[in-house]
Amino acid sequence: MSNPISSRCAACKYLRRRCPQDCIFSPYFPSNDPQRFAYVHRIYGASNVGKLLQQLPERARSEATESLYYEALCRIQDPVYGCAGIVSWLQQQIHDVESEIAKTQAEITVFLNSTVNISEPNTQYSRTNEQGMENLTNKHKEPLQ
Amino acid sequence: MASSTSSTSPCAACKFLRRKCQPECVFAPYFPPDQPQKFANVHKVFGASNVTKLLNELLPHQREDAVNSLAYEADMRLRDPVYGCVGVISLLQHQLRQLQLDLSCAKSELSKYQNLGLINHHQNLGINNLIAAAGGGGGGAAHHHHHQFFPRDRHHHHQAIAMNSYDAASSLLAMNVSASLGGQFHHTPRADDRSRNIIDPS
């Protein structure tokens, strides 16, 4: 049994064949989006896509088709690097942002250290105050003995 | 005439395909015989004829990079048959978003400290002047400790990340936007990459 010619999926239309009722492509390549299958077929080939989908559980096939389509699109737009180019670009971006974070944190540290140095003249005052407190404490201790 | 293949071993592609490796074999420069898995993976995912077509559409100096990127994608697809390379992109995009939030937080903190530093600097100059004027005697407020003013508050950032926790569908949607910008993501060490549209007659 096959689908009527008018309702063949995009894959079977492209491949000019009958679309069986259990067509592996039919749920994921609707006839109203012929370019989707065209791209995927151009990069992977119908047979490879069919084999890949067959090996997956049904619940995973929709996501797999989406990712195959996305990768095919990337490869068509960038025949040299495809999706790998995007991976590379993202890795570079991550490296750059990490460097900038480290630089900013270093600036914060430098800044904190320099503000501690600015406050040094007051420590002399603080030490004087602490000594004064200590003297008061000792004074109070003696009568208790 | 002695066969040339008797002195050089067939490339990994021809070994895999069990055919004679011709001198002009399109695969030979990129699939050396000591890396059989590379071609096996590429063949499994893309197919030999698709790879041939892809390579023939590129200039010779572009083909090595193309083969290596295909090998990478094939490897990713075999490791993750559902998402392949796209899964890696998802993860990296998420990581990048988090880092950008972290950077924004760090810059905000730095600018607060810079502003505070300016204020404190002026205040300290003022106090020192008073002390000097009073002959170094008592009086004066206790010294402020900077850290108490701007405790790190990253709670709202974690909330933002939680709200952004995505499923594959939304990440793929986001990537569709990236895909439309994919032309920008060239990694072209060579200056004449724009000539790639010229079809090599060979």
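None of these values were measured; they are calculated from a predicted model.

A.B. asks: Any chance you could explain the overall build of chain B here in plain terms?
C.D. replies: Across its full length, chain B carries seven helices and zero strands. Expressed as a percentage of its 202 residues, the buried residues of chain B come to 35%. A separation of at least 24 residues holds for 60% of the contacts in chain B among residues at least 6 apart in sequence. Taken as a whole, chain B presents about 12,000 Å² of accessible surface, with 58% of it coming from carbon and sulfur.

A.B. asks: I keep staring at the side chain of N50 of chain B and nothing clicks. Help me out?
C.D. replies: The residue N50 of chain B is located in helix α3 (residues 48-56) in this model. In terms of polar contacts, N50 of chain B uses its side chain to reach the backbone carbonyl oxygen of Y44 of chain A, at 3.1 Å.

A.B. asks: Help me understand the packing of aromatic side chains in this model?
C.D. replies: Where two aromatic rings form a pair, the distance of their centres and the angle of their planes describe that pair. Across all of its chains, the model carries 10 aromatic pairs over all chains by this definition. Against the face of Y69 of chain A rests R36 of chain A, its NZ or CZ located 5.3 Å from the ring centre. Between K38 of chain B and the ring centre of F31 of chain B, over which it is positioned, the NZ or CZ distance is 5.7 Å.

A.B. asks: It is not clear to me how the pattern of salt bridges should be interpreted in this structure. Could you clarify?
C.D. replies: Opposite charge on two side chains allows them to pair when their charged atoms are near. Residues and elements named next belong to chain A. Throughout the structure, instances matching the rule amount to five salt bridges over all chains. Note that E66 and R36 form a salt bridge whose closest N and O atoms lie 3.0 Å from each other. Residue E66 is found in helix α4 (residues 58-77), and its partner R36 is found in helix α2 (residues 34-44); the two are separated by 30 residues along the sequence. You can call R36 buried: its relative accessible area is 10%.

A.B. asks: Can you walk me through the packing of helix α2 (residues 36-45) of chain B against helix α4 (residues 60-79) of chain B in this structure?
C.D. replies: Two measures define how a pair of helices packs: the angle their axes make with one another and the distance between the axes. Residue and element names in this part refer to chain B. Running from amino to carboxyl end, α2 crosses α4 at an angle of 70 degrees, the nearest separation of the two axes being 8 Å. By the angle class used here, α2 and α4 are roughly perpendicular. Residues K38, N41, V42, K44 and V45 of α2 pack against V67, N68, L70, A71, A74, D75, R77 and L78 of α4. When its residues are assigned to classes, the contact of α2 with α4 shows seven nonpolar, two polar and four charged.

A.B. asks: Just to check I follow, could you spell out the confidence of the model for chain A for this structure?
C.D. replies: Detailed reading of the predicted model is not advised wherever pLDDT is low. Residues and elements named next belong to chain A. For chain A, the mean per-residue pLDDT works out to 84, and 74% of the residues sit at or above 70. Across residues 124-130, where pLDDT falls below 50, the model places four contacts with residues more than four positions away in sequence or in other chains. Contacts of residues 139-145 to residues separated by more than four positions or lying in other chains number zero contacts, the stretch itself having pLDDT below 50.

A.B. asks: What exactly am I supposed to notice about the environment of R63 of chain B here?
C.D. replies: Residue and element names in this part refer to chain B. If you trace the backbone, R63 turns up in helix α4. On the accessibility criterion, R63 (9% relative accessible area) is buried. A sequence separation of 37 residues divides R63 from V26, and the C-alpha atoms of the two residues are 9.6 Å apart. At 3.1 Å, the side chain of R63 forms a polar contact with the backbone oxygen of L58.

A.B. asks: What is the right way to look at unusual backbone geometry in this model?
C.D. replies: For residues other than glycine, phi is negative in most cases, and the peptide bonds are mostly trans. Positive phi outside glycine occurs at R16 of chain A, with the angle close to 55 degrees. By relative accessible area, R16 of chain A is classed as exposed at 75%. The backbone of R18 of chain B shows a phi angle near 55 degrees, a positive value even though the residue is not glycine. Inspection of the secondary structure assignment puts R18 of chain B in the loop between α1 (12-17) and α2. R18 of chain B sits in the exposed class, given a relative accessible area of 79%.

A.B. asks: I'm lost on the nonpolar core in this one. Help?
C.D. replies: Across soluble globular proteins, you tend to see nonpolar side chains buried next to one another. Among the nonpolar cores identified, the biggest contains 53 residues, and F25 and Y44 of chain A together with F27, F31, F46 and L55 of chain B are the most heavily contacted of them. Listing elements by their share of this core, those giving two or more residues are α1 (10-15), α2, α3 (46-54) and α4 of chain A together with α1, α2, α3 and α4 of chain B. Aside from chain neighbours lying at most four places away, what touches F46 of chain B is I43, Y44 and N48 of chain A together with V51, L70, E73 and A74 of chain B. Ranked by size, the runner-up nonpolar core spans 17 residues in total, among them Y70 of chain A together with M76, I89 and L92 of chain B.

A.B. asks: Looking at this model, I keep getting lost on the packing of α3 of chain A against α4 of chain A. Mind explaining?
C.D. replies: Residues and elements named next belong to chain A. Contact geometry for α3 and α4: axes closest at 10 Å, N-to-C directions at 150 degrees. For the element pair α3 and α4, the recorded crossing hand is right-handed. For the pair formed by α3 and α4, the contact residues are V49, L52, L53 and Q54 on the first element and R61, A64, T65 and L68 on the second. Of the residues that constitute the contact of α3 with α4, the class distribution is five nonpolar, two polar and one charged.

Thresholds, definitions, all that
Residues numbered from 1 in each chain as written. Chains lettered and ligands numbered in written order. Predicted model: local features only at pLDDT ≥ 70, side-chain atom pairs only at ≥ 80, totals over all residues. Heavy atoms only, no water. Helix = DSSP H or I, 4+ residues; strand = E, 2+ residues; numbered from the N terminus. Buried < 20%, exposed > 50% of the residue type's maximum accessible area, 1.4 Å probe, protein only. Contact = heavy atoms within 4.5 Å. Areas by Shrake-Rupley, 256 points an atom, 1.4 Å probe, with all protein chains shown as cover. Polar contact = N/O pair within 3.5 Å; in protein donor to acceptor, adjacent residues only side chain to side chain. Phe/Tyr/Trp six-rings, centres within 6.5 Å; stacked < 30°, edge-to-face > 60°. Lys NZ or Arg CZ within 6 Å of the ring centre and 35° of its normal. Salt bridge = Lys/Arg side-chain N within 4 Å of Asp/Glu carboxyl O. Axes fitted to C-alpha atoms, helices over the stretch in contact; angles between N-to-C directions. Parallel < 35°, antiparallel > 145°, perpendicular 65-115°, else oblique. Nonpolar A, V, L, I, M, F, W, Y, C, P; charged D, E, K, R; others polar. pLDDT = per-residue confidence, 0-100. Core = buried A, V, L, I, M, F, W, Y, C linked by side-chain atoms within 4.5 Å. Left-handed = near helix turned anticlockwise from the far one by under 90°.

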